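Structure assessment
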Amino acid sequence: MSRARAALLVCALWCAGSLPAHAATAVDTPVDPLNSPSWQYMRQRFLGKDPMVFDARVQVQMPSAAEDQMQVPVHVSAPGLTDVVDVLVFADLNPLPKILRYQPTSAAPDIGFRFKVEQSTPVRAAMRTRDGVWHVGGAWLRASGGGCTAPSVGTGQGFWQDRLGEISARLWPQQPGLERLRLRMIHPMDTGLAAGIPVFHIDRIDMRASDGRLLASLQTYEPVSENPVISVDLQHSGPVRIDAHDIQGNRFAATVTP
Amino acid sequence: MAVAHAANDYRLGAQAVADGVYVFSGRNEHFTRDNGGNIVNTGFIVGTDAVIVIDTGPSLQYGEQQRKAIAAITRVPVRQVYVTHQHPDHYLGDAAYADASIAALPATISAIQTQGNALADNLYRLVGGWMAGTQSQSPTSTATPGVVEIGGRKLRLIGTAGHTAGDLMVYDEASRTLFAGDLVFHDRAPTTPNADLLQWLNALDQIRQIDFKVLVPGHGAVVRDASAIEQTRDYLQWLSTSLHTAAEQGRDMVEVMNQPLPERFQKLAVHDEEYRRSVSHLYPAIELTTLPRR
Ligand SMILES: [Zn+2]
């Protein structure tokens, strides 16, 4: 898909974003603190008619400007918000807005990762609590163009072909019952937006205790950066099993011991 | 374009720092539309029948205005230009010296050939119209480390690396002036987009051994002692140690960016932005050393 096509996609979002003035009457819509042109569309697409509030406890931390548009670091957290069952991270104005989805079954609703950004955009985290309400926070990211439509570095070098899915990881016990897992997987994470390079990305990473109990589950989408590096905080002590796969059905697994 | 020329005046004034040695001082800022990219120090050395220019600034217009400012001081023609390294604020004025030899280290030349256009585009986005007519061009010859004599001035060319893959320093033996390029910053946080911190620290050790009277840093005020070397060294050492420590503690990149800088670095211009940029540049490789393969 060409850059022009990607630009069209962005434009389509803009147009859709300006549409729902009437749709807004159907759902009670609080005013978007980030004043994004496509917030209404994002809300309908990702949250549907679910109840939602903007909640300052939901934090999206990142540099205000992208230094490397292929690798923008983001850390999402929600100090003071409990009972989070689902976390969705998206960038309104990216050609492919949905970045990741995270179910912290036995984990804090915190996740660190990097993503590819195409242009300046709000980056949001929506966290659904057990009562069914989405809590939404976010921030603007300044960027000047070109993270999503460029091919991955590894694709150009054929680097990943021998090492696809290789997992490097480590656990850092924080306090009893809480440990940080950091992992890096080798994968091109191609968006399908670069000319001649089909979409190819990891789409699921499950983290389990050694008895198979699910601790957290992560779905990653096209914008997650090449060779993803992920940080999560698990309510767990002891080894963690990582089970992942990509959209072509390749399976990757590893066990990490503290 | 004529209008753009008239509007964009860098107001370059040469400052004499030693006998026949002059510096144009840039501001300790980031690139902005206000400063037109003039955040860099450039300079020149006047010989009997040749002027040697060290770095040509961020744009064609800078190079042209630099050349005019040199002509206002001496009628000796510019014969030789040295480009200290690949960063766009140091060499994009080269086109103003089409009739002179323009030399750089081989690593600098190859970086300019592969990344120069992208760097120039990026600078265009940041400073706008000041860049009119500017194009990245490759230096015309290779600088060979060692002693050369140009226009009766004995110069020592010192080839190092660390700030980038090729960092050239020019030392004028008569005045004991060292043009250190971006290996030395002064009261401004160092930039690291192409840095290798270990190499850089080694290069600073090498600079400590040089018997200079005047040191011209790439950014920040000219000094006559080792203070700017020590300041750069202190910052880079701290940066390296704190990034390795953070990675060893399992910190995520954004958490590392949010760490406050020690008070002694708070006085460095643009420390906040540069520190965060440095985390972007350097942390990915450092954190990998703490993540064993499973
Ligand atoms: Zn530099």
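Preceding this section is the structure that the text describes.
Let me begin by describing the structure that accompanies this report. Bear in mind that the values here come from a model prediction, so they are computed numbers and not experimental data. (Residues numbered from 1 in each chain as written. Chains lettered and ligands numbered in written order. Predicted model: local features only at pLDDT ≥ 70, side-chain atom pairs only at ≥ 80, totals over all residues. Heavy atoms only, no water.)

1. Quick look at empty space enclosed by the protein
Residues and elements named next belong to chain B. Tallying each qualifying case throughout the model produces four cavities of 30 Å³ or more. Taken as a whole, the second largest cavity holds about 60 Å³ of empty space. Looking at the lining of the second largest cavity, the elements with two or more residues in it are β3 (42-46), β11 (177-185) and β12 (214-219). (1 Å grid on protein atoms, 1.4 Å probe; cavity = no way out; pocket = protein on both sides within 12 Å on 5 of 7 lines; lining within 4 Å. Points joined across faces, edges and corners; volume = space filled by probe spheres on them. Helix = DSSP H or I, 4+ residues; strand = E, 2+ residues; numbered from the N terminus.)

2. Some points on the side chain of Asp 55 of chain A
Along the chain, Asp 55 of chain A falls in the loop between β1 (52-54) and β2 (59-61). Among the polar contacts listed, one links the side chain of Asp 55 of chain A to the side chain of His 135 of chain A, at a separation of 2.8 Å. (Polar contact = N/O pair within 3.5 Å; in protein donor to acceptor, adjacent residues only side chain to side chain.)

3. So, the interface of chain A and chain B
Tallying the contact residues gives 27 residues for chain A and 24 residues for chain B. Surface buried jointly by chain A and chain B totals about 2200 Å² across both partners, of which 49% is contributed by carbon and sulfur atoms. Of all residues in chain A, Glu 67, Arg 170 and Arg 182 of chain A bury the most surface against chain B, accounting for 25% of the area lost on that side. Seen at the junction of chain A and chain B, the total is six salt bridges. One salt bridge in this structure joins Glu 248 of chain B and Arg 170 of chain A, with 2.8 Å as the shortest N-O distance. Those elements that place two or more of their residues in the side of chain A that touches chain B are β3 (72-77), β6 (107-115), β9 (167-175), β10 (178-185), β13 (229-234) and β15 (251-256) of chain A. Here the element with the most residues in the side of chain A that touches chain B is β9 of chain A; it accounts for six residues. Counted by class, the side of chain A that touches chain B contains 11 nonpolar, nine polar and seven charged residues. (Contact = heavy atoms within 4.5 Å. Buried area = accessible area lost by both parts, 1.4 Å probe. Salt bridge = Lys/Arg side-chain N within 4 Å of Asp/Glu carboxyl O. Nonpolar A, V, L, I, M, F, W, Y, C, P; charged D, E, K, R; others polar.)

4. A short note on unusual backbone geometry
Although it is not a glycine, Asn 35 of chain A adopts a positive phi angle of roughly 50°. Within the secondary structure, Asn 35 of chain A is located in the loop between α2 (23-26) and α3 (39-47). Here the phi dihedral of Val 270 of chain B falls at roughly 50°; this positive angle occurs in a residue that is not glycine. With respect to the helices and strands, Val 270 of chain B occurs in the loop between α8 (263-266) and α9 (271-288).

5. Remarks on the side chain of His 90 of chain B
Residues and elements named next belong to chain B. Structurally, the position occupied by His 90 is in helix α3 (residues 88-91). Residue His 90 is classed as buried on the basis of its relative accessible area of 0%. A polar side-chain atom of His 90 sits 3.5 Å from a polar atom in the side chain of Asp 89. Beyond its immediate stretch of four places on either side in the chain, His 90 contacts Val 40, Asp 55, Thr 56, Gly 57, Thr 84, His 85, Asp 182, Gly 218 and His 219. (Buried < 20%, exposed > 50% of the residue type's maximum accessible area, 1.4 Å probe, protein only.)

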